[in-house]
Amino acid sequence: MQGNPITRSVAELSADLRTGKLKSVELVENASERIKALDRKLESFVFTADDAHAQAAAADREIADGHWRGPLHGVPVAVKDNYITTDMPTTAGTATSDMNFARADSAAVAKLRAAGAIIIGKTRMHEFAWGNVTPPSKNPWDMSRVPGGSSGGSGAAVAARMVPIAMGSDTGGSIRIPAALCGAVGLKPTFGRVSRAGIVPHSWSLDHAGPLSYTVADSVHALNAISGHDPDDPGSAHADVPDFTRGLNQPIAGLRVGICRNHFFESNQSDVDAAIDAAIGFYRDAGARLVEFELPVLAYGLGAIFAIELSSSTAYHSRNLASGLVKGFTDDVRTLVEMGRLVTGPDYLKAEQLRRVLIDDLAKIFTDVDVIIGPTCPLTAWPIGEWTVRVGANDESVLAASWRLTYPWNLAGLPSISLPCGFDSAGLPIGLQLASRPFDEMTLIRAADAYERAHGWKDMYPII
């Protein structure tokens, strides 16, 4: 793949596109050829845009006329199949023929287009963003294994170097899990930072929109483009949007790195623990100060987020339940949607009360730390069709295990990022997760970028 432009980072592509050394039409053709060649095996895309070439030609004309819009101008970007678009259908991962979604760009897609990005296609997802395996997509590092979910198509597409950025959504880990299992960067911004208007909802108070990408900087460029208040999203925050690239290439001496020993380090595969311990050592050696703490409330967190997610999803699908349309859903998703009817009002209230305790406890912790470090997932990618895995000394459900370390940051609405930090003994990627204060993506980016710059993981991708 040496010399293949689409495998390069946004910063590299943008420099050549702006000067005319590289044309967007050429880059889109390169990406399209790669998708055609590889996606027969990976099955990471569900649609490709018929107008991608026209989008690219328009970008080339604008750039040539001196109307450069920024780093994403002329760069191919894919979006998850729950992002509604004008030029491609939306299915939200379901094969149910009676589900119809409007042909209008979601707020995030509209902002990406305004930044000059070429929306090249839509990636596969687990039906209605419910699961963690994304059938029939495969992991580019080992096609007998899952890419994670529910944004598994985006994770696989980025890992296979088809596009430098693919958008995902994250309710309990659905950006960061595929990023970790596929060896990509996955950024979940603060709740309210990015509008979810025009994204098929899963859980109103837990859903986040964000990018998966080759590098931390690639995700930063996407975050700059999509951030900002939107009155069409009731959860959208009135928060200032800085230029997040200011967090790149910064020193981390004096950074306070928190380590939560309970929950995050209690039951992980040994290779995962070793990789995270090495990452912690990097921060220590770079002059960061390590602060250990415990967060006992997390012993009850899984029940809380599951109650909120189940009831929220069931509320969204109330008409589908009443009409019997859920009979066309896959068995796993139909079961979960129906289960939400068993969550009582008191159950939901207790879950929200626990969420409040978690948010308050974390606010106190963040007076003493700047970021919290840990694994993204306690395990690496598991075989397709396997529903129980060995983690440490225990056999666990893959659903329970895979999002155990990601869901706390959805429950609290805090920004978090997953980035590659090594490989296990089978050659499968391991993800490092960092989280920070609400709306402090700048510190999160500073910490993640410093680790990435000191290691070569971002330059490693599977040969397919």
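Note that the coordinates shown come from a computational prediction; the quantities given were computed from them, not determined experimentally. (Residues numbered from 1 in each chain as written. Predicted model: local features only at pLDDT ≥ 70, side-chain atom pairs only at ≥ 80, totals over all residues. Heavy atoms only, no water.)

S.K.: Where do I start with the overall build of the protein chain in this structure?
M.R.: The helix and strand tally for the protein chain stands at 16 helices and 13 strands. For 464 residues, the compact-globule estimate of 2.2 N^0.38 gives 23 Å, and the protein chain sits close to it at 21 Å. With respect to the three principal axes, the spread of C-alpha positions in the protein chain is 60 × 60 × 45 Å. The long-range fraction of contacts in the protein chain, counting pairs at least 24 apart against all pairs at least 6 apart in sequence, stands at 77%. (Helix = DSSP H or I, 4+ residues; strand = E, 2+ residues; numbered from the N terminus. Rg over C-alpha atoms; globule rule 2.2 N^0.38 Å. Contact = heavy atoms within 4.5 Å.)

S.K.: What should I look at first to understand the sheet that holds strand β12 (residues 416-423) in this one?
M.R.: Two pairing modes exist for strands in a sheet, parallel and antiparallel, and in both the strands are linked by backbone hydrogen bonds. Across the sheet, which stays open at both edges, the 11 strands sit in the order β1-β3-β2-β4-β6-β5-β12-β13-β9-β7-β8 with mixed pairing between neighbours. Single-partner strands in this sheet number two, and they are β1 (45-48) and β8 (289-293). Looking at each pair of strands side by side, their axes are set apart by 30° on average, direction ignored. Pairing of strand β5 (residues 185-188) with β12, which is carried by 3 bridges, proceeds in the antiparallel orientation. Among the inter-strand pairings, L187 is bridged to a residue of β12, identified as I417. Here helix α16 (residues 441-453) sits on the sheet and contacts β5, β9 (371-375), β12 and β13 (429-436); the angle it forms with β12, its principal contact strand, is near 10°. (Pairing = 2+ DSSP bridges. Axes fitted to C-alpha atoms, helices over the stretch in contact; angles between N-to-C directions.)

S.K.: Please clarify how the packing of helix α7 (residues 216-226) against α16 should be interpreted in this entry.
M.R.: To describe two helices that pack against each other, one gives the angle between their axes and the distance between the axes. α16 packs onto α7 with a crossing angle of 155° between their chain directions and a minimal axis gap of 9 Å. When the axis of α7 is compared with that of α16, the two are roughly antiparallel. Mapping the contact onto sequence places V216, A217, V220 and L223 in α7 and E441, I445, A448, D449 and E452 in α16. For the contact of α7 with α16, a count of residues per class yields 6 nonpolar, no polar and 3 charged. (Parallel < 35°, antiparallel > 145°, perpendicular 65-115°, else oblique. Nonpolar A, V, L, I, M, F, W, Y, C, P; charged D, E, K, R; others polar.)

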